[in-house]
Amino acid sequence: MLRIHDTRARQVEELAGGRAVRMYTCGPAPGRRAHLGDLRTYVLSDLVRRVLERRRTRVVACRNVTDLWPLAGEGPGPDLVRRHEDDFRSDTAALNLRPPEHSPRSSETVDAMIELIVRLVERGHAYAAPDGSVNFDVRTFPTYGEISGKRLDDVKPGEPSGWALWLPADGDEGRDAPWGRGLPGPHVECSAMSLRHLGERIDLHLGDAGLLFPHHEDVRAQSDAATGHEVVRHWVHGGSLLFDGREPAGSTGNVVLLPDVVAAGLDPLAARLAFLEHHYRQRLDLTWDVLRAADRTVRRWRARVAEWSESPSAPMASSYAERVESALDDDLDTPAALRILRELERDESVAPGSKFETFLHLDQVLALDLSTEIGKPRGLPAGAGELLERRDRALEANDWAAADLLRDELAELGVRVTDTPEGQSWAL
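Everything quoted here is computed from the prediction, not taken from an experiment.

Some thoughts on the overall build of the protein
- Regarding its fold elements, the protein presents 13 helices and 14 strands.
- Expressed as lengths along the three principal axes of its C-alpha atoms, the size of the protein is roughly 90 × 45 × 40 Å.
- Here the protein, with 428 residues, has 51% of them falling under the buried criterion.
- Sequence-distant contacts in the protein: of pairs separated by 6 or more residues, those separated by 24 or more amount to 75%.

The structure is reproduced here in structure tokens:
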């Protein structure tokens, strides 16, 4: 069974979900298109799902869509919201992410949020203010801070001892509630949606490390205070992503979107592989060189799988498959799993047909579309022709060091180069 790091418990724990695992993932930030840093989180949730389903465990997933803003008039218009939602759906499909069973919109779930706030007020965990707002009183929830480590004692005199559950809002965007017309606070929807669609016992709540505080602390406090018990069994967080050593930020122009990867001539699944090359809890410093290397690996493996498919059938290399699956079960150790796959690729004692079966079996989890080249006319991978031309020029100039480097690059693409008296020749 999958063992995964629980942020609240500060240790790796076995995920014992029984017949089904209920998983909630916080949706993308509203008001902008998701960048690669955002998408890494959703690859993580997809990986969890695929590893569990490989073990014949049913997964029921929920991911919210935020289309309401607590301060009326400050969010993007509905047309832009829908466009970002469509873009996100397109990006997740390109990354082979299986869609969640539930994708509730905040605008369609306000009734559940109001019901949650009413329950919190009735239980003494929240109070209505004269201005029509409703606030959570964090002093009524002594275990606040167990996920992030930020304790109640850290609240300084004069700082608010809670957060807004409901804010006054007039106009068309406001909704009627017992405390007056308004809108729910920014942390309420994840509690209300997860409780409505997954119930009061949730196995996994996922998000990136930036949501630890205050969002996930507030969600835990709201859900647990409303139900009277611990709702989420495991809190799981992915590491942050840098690009060229800097945080993604629109103000610096350091935001890379999935269409940018495609525009650079790379397969979108190169981004998925680049994420998998690093452990999900590590901070990942992504670069174009890392993405290009991942793209070469994806294309090489597809070419290898197509080549092996023409060999006599053979049983799967079970020892390699078991080692990969064991690595994935061990807190999703994808770097170890990929190292084992590369070892299998190089192992000449394993029959090509056996490699074929094993790679396709494991691609059910990796989701790199390794079978796409099977049966197609075999030609040079993208970019290989240019590398061969550059190597021709290097050989003519007697630049043996450059020729060797180019040979290595071609090998990564699955192109084997041989030097003959008549010049270089190549084979796939």
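So that's the structure; there's more coming.
A closer look at the sheet that holds strand 9 (residues 202-208)
- One open sheet holds the 4 strands; their spatial order is 4-3-9-10, and the pairing between them is parallel. Each of the sheet's edge strands pairs with one partner strand only, and the pair in question is strand 4 (58-63) and strand 10 (232-238). Neighbour-to-neighbour, the strand axes of this sheet turn through a mean angle of 25 degrees, independent of strand direction.
- Pairing geometry for strand 3 (residues 20-25) and strand 9, over 3 bridges, is parallel. Residue pairing in the sheet places threonine 25 in a bridge with leucine 206 of strand 9.

Some points on the nonpolar core
- Counting residues in hydrophobic clusters, the biggest one holds 64 residues, and the most contacted among them are Leu36, Val48, Leu204, Leu286, Leu291 and Leu332.
- Looking at this core element by element, the count peaks at 9 residues for helix 1 (residues 36-54).
- Excluding residues that lie within four positions of it along the chain, leucine 204 makes contacts with Ile4, Leu15, Val21, Arg22, Met23, Tyr24, Val48, Val232, His234 and Val236.
- Core analysis: the second largest hydrophobic core is formed by 41 residues, Val134, Ile147, Leu183 and Val231 among them.

Looking at the pairing of strand 1 (residues 3-6)
- Bridge analysis of strand 1 against strand 2 (residues 11-14) gives 4 bridges, and the strand direction is antiparallel. Across the sheet, residue aspartate 6 finds its bridge partner in strand 2, namely glutamine 11.
- Between strand 1 and strand 2, which pair antiparallel and follow one another directly, the connecting turn spans 4 residues, one of which, arginine 10, has a positive phi of 65 degrees.

Let's talk about helix 1
- Look at helix 1: 26 Å from first C-alpha to last across 19 residues, which is about the 27 Å you get at 1.5 Å a residue.
- Arginine 56 sits one or two positions beyond helix 1 and adopts a positive phi of about 65 degrees.

Section: the pairing of strand 10
- Burial analysis of strand 10 places 6 of its 7 residues in the buried class, the great majority of the element.
- The pairing of strand 9 with strand 10 spans 6 bridges and is classified as parallel. Its bridge partner lying in strand 10, aspartate 208 is registered against glycine 238.
- Traced from strand 9 through helix 5 (residues 212-227) to strand 10, the parallel crossover comes out right-handed.

Digging into the packing of aromatic side chains
- The full count for this structure, using the stated rule, is 8 aromatic pairs.
- Through pairs of rings, three or more aromatic residues link up here, namely Phe136, Tyr144, Trp163 and Phe213.
- Over the ring of tyrosine 42 we find arginine 63, and its NZ or CZ is 5.7 Å from the ring centre.

Observations regarding the pattern of salt bridges
- Enumeration according to the criterion identifies 39 salt bridges in this entry.
- With a closest N to O distance of 3.0 Å, aspartate 137 and arginine 139 form a salt bridge.
- Classification of aspartate 137 by relative accessible area gives buried; the value is 14%.
- A residue is classified by how much of its surface remains accessible, and arginine 139, at 58% relative accessible area, is exposed.
- Here glutamate 345 makes a salt bridge to arginine 300, at a shortest N to O gap of 2.9 Å. Residue glutamate 345 is found in helix 10 (residues 334-346), and its partner arginine 300 is found in helix 8 (residues 288-308); the two are separated by 45 residues along the sequence. Accessibility classification places glutamate 345 together with arginine 300 in one group, the buried group.
- Salt bridges sharing partners connect three or more residues here, namely Arg82, Glu85, Asp86, Arg89, Arg105 and Glu108.

Re the side chain of serine 45
- Relative to the helices and strands, serine 45 is located in helix 1.
- Setting aside residues no more than four positions away along its own chain, serine 45 makes contact with Met23, Thr25 and Leu206.

A closer look at the environment of phenylalanine 136
- Within the secondary structure, phenylalanine 136 is located in strand 6 (residues 134-137).
- On a C-alpha basis, the gap between phenylalanine 136 and leucine 165 in space is 6.4 Å, while along the polypeptide they are 29 residues apart.

Topic: the environment of glutamate 200
- Residue position: glutamate 200 is located in the loop between helix 4 (188-198) and strand 9.
- Placed 128 residues apart in sequence, glutamate 200 and leucine 328 show a C-alpha to C-alpha distance of 28 Å.
- Leave out the neighbours within four places in its chain, and glutamate 200 touches Arg119, Leu195, Thr227, His229 and Val231.

Focus on the sheet that holds strand 6
- Spatial ordering of the open sheet is given by 5-6-7-8, a layout of 4 strands whose pairing is antiparallel. In this open sheet, the two edge strands, each paired with only one partner strand, are strand 5 (126-128) and strand 8 (182-184). On average, each strand axis in the sheet is tilted by 25 degrees relative to the strand beside it, whichever way the strands run.
- Where strand 7 (residues 162-168) and strand 8 come together, 3 bridges link them in antiparallel fashion. Bridge pairing links tryptophan 166 to proline 184 in strand 8.
- Its contacts with the sheet place helix 3 (residues 110-122) against strand 5, strand 6, strand 7 and strand 8, and it is angled at close to 130 degrees to strand 7.

Comments concerning helix 4
- Burial runs high along helix 4: 9 of the 11 residues are buried.
- Turning to helix 4, its buried residues are Val188, Glu189, Cys190, Ser191, Ala192, Met193, Ser194, Leu195 and Leu198.
- Remark: glycine 199 follows helix 4 within two positions and exhibits a positive phi of approximately 90 degrees.

Reading the values: rules and limits
Residues numbered from 1 in each chain as written. Predicted model: local features only at pLDDT ≥ 70, side-chain atom pairs only at ≥ 80, totals over all residues. Heavy atoms only, no water. Helix = DSSP H or I, 4+ residues; strand = E, 2+ residues; numbered from the N terminus. Buried < 20%, exposed > 50% of the residue type's maximum accessible area, 1.4 Å probe, protein only. Contact = heavy atoms within 4.5 Å. Pairing = 2+ DSSP bridges. Axes fitted to C-alpha atoms, helices over the stretch in contact; angles between N-to-C directions. Core = buried A, V, L, I, M, F, W, Y, C linked by side-chain atoms within 4.5 Å. Expected span 1.5 Å × (residues − 1). Right-handed = clockwise from strand over helix to strand, strands pointing away. Phe/Tyr/Trp six-rings, centres within 6.5 Å; stacked < 30°, edge-to-face > 60°. Lys NZ or Arg CZ within 6 Å of the ring centre and 35° of its normal. Salt bridge = Lys/Arg side-chain N within 4 Å of Asp/Glu carboxyl O.

Geometry only, nothing functional implied.
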